[in-house]
Every structure is written in C-alpha cells, then in structure tokens.
Amino acid sequence: MADNSISGDCGNACDGLLFVSNVFTSNKSTEREQEGHNLWSRSLARTWTPMLLLGTSLLYCARMAMPICAVSMATTFQWSKTESGLVLGGFFWGYCLTQILGGHMSDKVGGERILFLSTASWAAIIASTPLLAQLGTHQLAAMTIARFLMGLLQGVFYPSLASLCSQRVPEGERGFMMSTINSGCYLGTLLMGGLGSLMLNCCGWESVFYGTGFLSGLWALIVWQFLLKGQIIPKYMLSSHVSHWSSPRIRWWRLIKKQPVWAMIFSHTCFSSTSYTLLSWLPTYFSDTFPHAMGWVYNVIPWLVAIPSVLAGGYVSDFLINKGYGVASVRKIMQLVAMGVSSFFILLLCRPVTFRSALASVSVTMGLVTFNCRTNGCIEGT
C-alpha cells in the first residue's frame, strides 16, 4: 500500500534524489562544509521532526479519505467499479508527474517551503470535495479532476522531504529520522482507518473530507506562522543552491546511463504499483468479501502493525551501516524483505480465506513492506 510511502511513496523516489546529489560532487570538502552550515540545530530538529511526522500523517489521512469513503460514495452516487476506479486512479496520474519537479524545486528554495505550499493547496482541495460531489451530471468528472490535482500537489511531498533531510540532517542520523517521519504515513492511515470509519458511520462521508481538510490547513498555518516565520522563498536560498545544478543536461544524461538508477526505477515501479493498488482497494476488498466485518477493524489493524515495523526497519538499517556494512548492501537487503518476503503473504489472498486469515496476511504484508522506507536518508555515499 503512495507518494506512500507505502507510500509509499514512503520509498525509493527519495533514494534517487539523494543519489543525484552524490554522483556529481566536484568538490567534496566544499560540499561538506556547506552541508555542515545548513544543518539544523538539535533544538530546531526536535521541533521540525514531530511537525514533519504530523504532516506525513495528514498527507495519508487525505490520501486515504477517498478509499475509505469509496464504498459509501459509490452507493450514494451509483458508481460502478469502473467509475470508482477512475476516481481512485485519478490521484496517481497526477502523483507521477511532479516527483522530479518537487525535488528540483526543493533543492532551489528549501524542502520545507515546498511542503508548506503543497499542503496548503491540497488541504483546500480535500475540503472542497463534498461540494464538488454536488455538481450533478459533472460530478464524476469533477471528482476525478480533483483527485488528479491532489495527486499533482502531493507528488512533491516525498522528494521535498528527501531534499530537506539531505540538507538539514547529519548523514548518520538520517535513516532513523526518515523512518520516524515516514511512520507518519502508517499513523495517518491508522487514524483515518479508525476515526475515519467512525466519522463515516456517524456523520456521513462528507465529514471525513471536511475534517481532514481543516486539520491539514491548520498544519500549514502553524508551519507558516511559527517555523517559516512568514518567509516562503528567501533570497539566500535561491543563490546558495545554484552550484548544485550547473550543467544539468550533462549531469542528467550521465545519470540516466547509470545501471543503479534504472534498477531503482524498476524497483520503485514494481513496489508502487503493488502498494498503491492495495492502499486504494483494500477497504473495498474487505467490504465486498466480508460484508459483515467491522470497517474499523480491517482499516486499523494492518497499520497498527506497520508503525513499529517502520521504526524497527530504520533502527536496523542504521545499525548495519554503523557496523560497517555498505549502504547499497543494506538497501538491497531491506528491499528484499519489503518486496520479496511480503509478496508471499499477498499471494495467500488469491485463494478463498477466512476474515481472520485475510486480516493476518495483510497485516504481515504491511509490516514487511515498511522496510522499504528504512534508508531514504542514508543513501548518500552510494
């Protein structure tokens, strides 16, 4: 089961952006000196880390709002499975278009600023979703376009997070910090699965979108007022990153020819196609296959398992790296667990199973795939 990630989007897109900044370093000592100048202080890191964790949680609350409400909305508006899939899939068409742009702009103006702008924008879209659903004959098109735009805006989140981490966090601390922040995607999905299901049953599907939009907008306002101090694009940040992107055509051409880059692209494509399909359709699968099961159970338990798993993955990756294992080797081990071992439990769902067996298989899968999030901040030096 993102952007995600899970997340996915909790995953390999971040690895590629950090790999870019490393392959084409012309002066190691100068870069290390500049990196040390840009690092967060301990107190500032302690402030930003919970805020980024909360931001990631809200990102996935917004992302999961439609899958949680899809069955109820399909019944209300008489959508077929194809029409439901069109609305759900619209998000990912937009999501895939802004990954590189998000990382590039974050390198230019700072990842925290891109995170603020994107969150404020998609908060407005998610809050307006119930209003778009009242457009009569144009309702399906409006919902699909809204999901597409939300995908465009959320697509910059993880590249911006990777850029921010590479600029502000020491290399030896990035794995655990990124895993901590990335655990927000499971926390957000957990909260939406539990509270969202209760709100859906008690107050209707509209309340899920209104509540998520309000909290996301509130997060953006707090970041704007207390962390960014009202500044979006400081002049010094525009000038300080120019050197990193000189001769972009040559650098990108050299990067594209690297086999590890294509390996990461292929790996991320396989992982994302699987995880986001699960993220979008699991609520529908459980609702259709086990209609008498309680929604908050299958929307909560898998993500409850995932939260400690992602923290454990970050700890293990940092432990192995600090013990002298190569970053590339650690990343391959974690990917093997996340993609190889977890696939076995997904295959168990291809045959008739009981509700408990299905829930157990999905929960183990979600726990294992979190190892995909473990080295997002540790790839420098590959």
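Residues numbered from 1 in each chain as written. Predicted model: local features only at pLDDT ≥ 70, side-chain atom pairs only at ≥ 80, totals over all residues. Heavy atoms only, no water.

Q: How would you summarise the overall build of the chain if you had to cite specific residues and measurements?
A: When its secondary structure is counted, the chain shows 17 helices and zero strands. Taking all 382 residues of the chain together, 53% fall into the buried category. Total accessible area on the chain stands at roughly 16,900 Å², and carbon and sulfur atoms take up 69% of it. (Helix = DSSP H or I, 4+ residues; strand = E, 2+ residues; numbered from the N terminus. Buried < 20%, exposed > 50% of the residue type's maximum accessible area, 1.4 Å probe, protein only. Areas by Shrake-Rupley, 256 points an atom, 1.4 Å probe, with all protein chains shown as cover.)

Q: Give me the packing of aromatic side chains: which residues, what numbers.
A: Going through the model one piece at a time under the given rule, you end up with 18 aromatic pairs. Taking the centre distance of 5.7 Å and the plane angle of 5° together, the rings of W40 and W48 count as stacked. Comparing W40 with W48, the two get one shared label, buried. Between the aromatic rings of F91 and Y95, the centroid separation amounts to 5.4 Å while the plane-to-plane angle is 25°, which identifies the pairing as stacked. Here the residue F91 and the residue Y95 both occupy positions in helix α4 (residues 81-95), the gap between them amounting to four residues, near one helical turn. Across the pair, exposure class does not vary: F91 and Y95 are buried alike. Linked through ring pairs, Y285, F286, F290, Y298 and F355 together constitute an aromatic cluster. Here the guanidinium or amino end of R63 rests over the ring plane of Y60, the centre of that ring lying 4.5 Å away. (Phe/Tyr/Trp six-rings, centres within 6.5 Å; stacked < 30°, edge-to-face > 60°. Lys NZ or Arg CZ within 6 Å of the ring centre and 35° of its normal.)

Q: So, the side chain of Q99: which residues are in play, and what are the values?
A: Summarising the element assignment, Q99 is placed in helix α5 (residues 99-109). The class for Q99 is buried, based on a relative accessible area of 16%. Polar contacts involving the side chain of Q99 include one to the main-chain carbonyl oxygen of G155, which spans 3.1 Å. (Polar contact = N/O pair within 3.5 Å; in protein donor to acceptor, adjacent residues only side chain to side chain.)

Q: Could you give me a rundown of the pattern of salt bridges, with the residues and numbers involved?
A: What the rule picks out here adds up to three salt bridges. E112 serves as the salt-bridge partner of R113, at 3.6 Å between the closest nitrogen and oxygen. The pair formed by R113 and E112 is uniform in burial state, with each residue classed as buried. Of the charged contacts in the structure, one is a salt bridge between E112 and R168, with a shortest N-O distance of 3.5 Å. Of this pair, E112 sits in helix α6 (residues 111-132) while R168 sits in helix α8 (residues 157-168), placing them 56 residues apart in sequence. Within the structure, one salt-bridge network assembled from shared partners comprises E112, R113 and R168. (Salt bridge = Lys/Arg side-chain N within 4 Å of Asp/Glu carboxyl O.)

Q: Lay out the packing of α6 against α8 with the relevant residues and their values.
A: For the pair α6 and α8, interaxial distance at closest approach is 8 Å and the crossing angle is 155°. As summarised for this structure, α6 and α8 are arranged roughly antiparallel, according to the angle between their axes. In this structure, α6 crosses over α8, and the sense of that crossing is left-handed. In this structure, α6 uses G111, E112, I114 and L115 to contact α8, whose residues at the interface are F157, S160, L161, L164 and R168. Here the contact of α6 with α8 is composed, by residue class, of five nonpolar, two polar and two charged. (Axes fitted to C-alpha atoms, helices over the stretch in contact; angles between N-to-C directions. Parallel < 35°, antiparallel > 145°, perpendicular 65-115°, else oblique. Left-handed = near helix turned anticlockwise from the far one by under 90°. Contact = heavy atoms within 4.5 Å. Nonpolar A, V, L, I, M, F, W, Y, C, P; charged D, E, K, R; others polar.)

Q: Outline α8, listing residues and values.
A: The terminal C-alpha atoms of α8, which comprises 12 residues, lie 16 Å apart, in line with the 16 Å expected from a rise of 1.5 Å per residue. With respect to burial, α8 is a largely interior element, 12 of its 12 residues being buried. Listed as buried for α8 are F157, Y158, P159, S160, L161, A162, S163, L164, C165, S166, Q167 and R168. (Expected span 1.5 Å × (residues − 1).)

Q: Just give me the short version of unusual backbone geometry, but keep the residues and values in it.
A: Positive phi outside glycine occurs at Q78, with the angle close to 55°. With respect to the helices and strands, the residue Q78 is situated in the loop between α3 (42-77) and α4. Of the residues examined, Q78 reaches a relative accessible area of 71% and is grouped as exposed.

Q: Mind laying out helix α13 (residues 259-289), listing which residues take part and the relevant values?
A: Between the first and last C-alpha of α13 there are 42 Å, a value that for 31 residues agrees with the 45 Å anticipated at 1.5 Å per step. Bending of α13 peaks at approximately 50° at the position of W281, with proline P283 no more than four residues after it. (Bend = angle between axes of the 7 residues up to and from the residue.)

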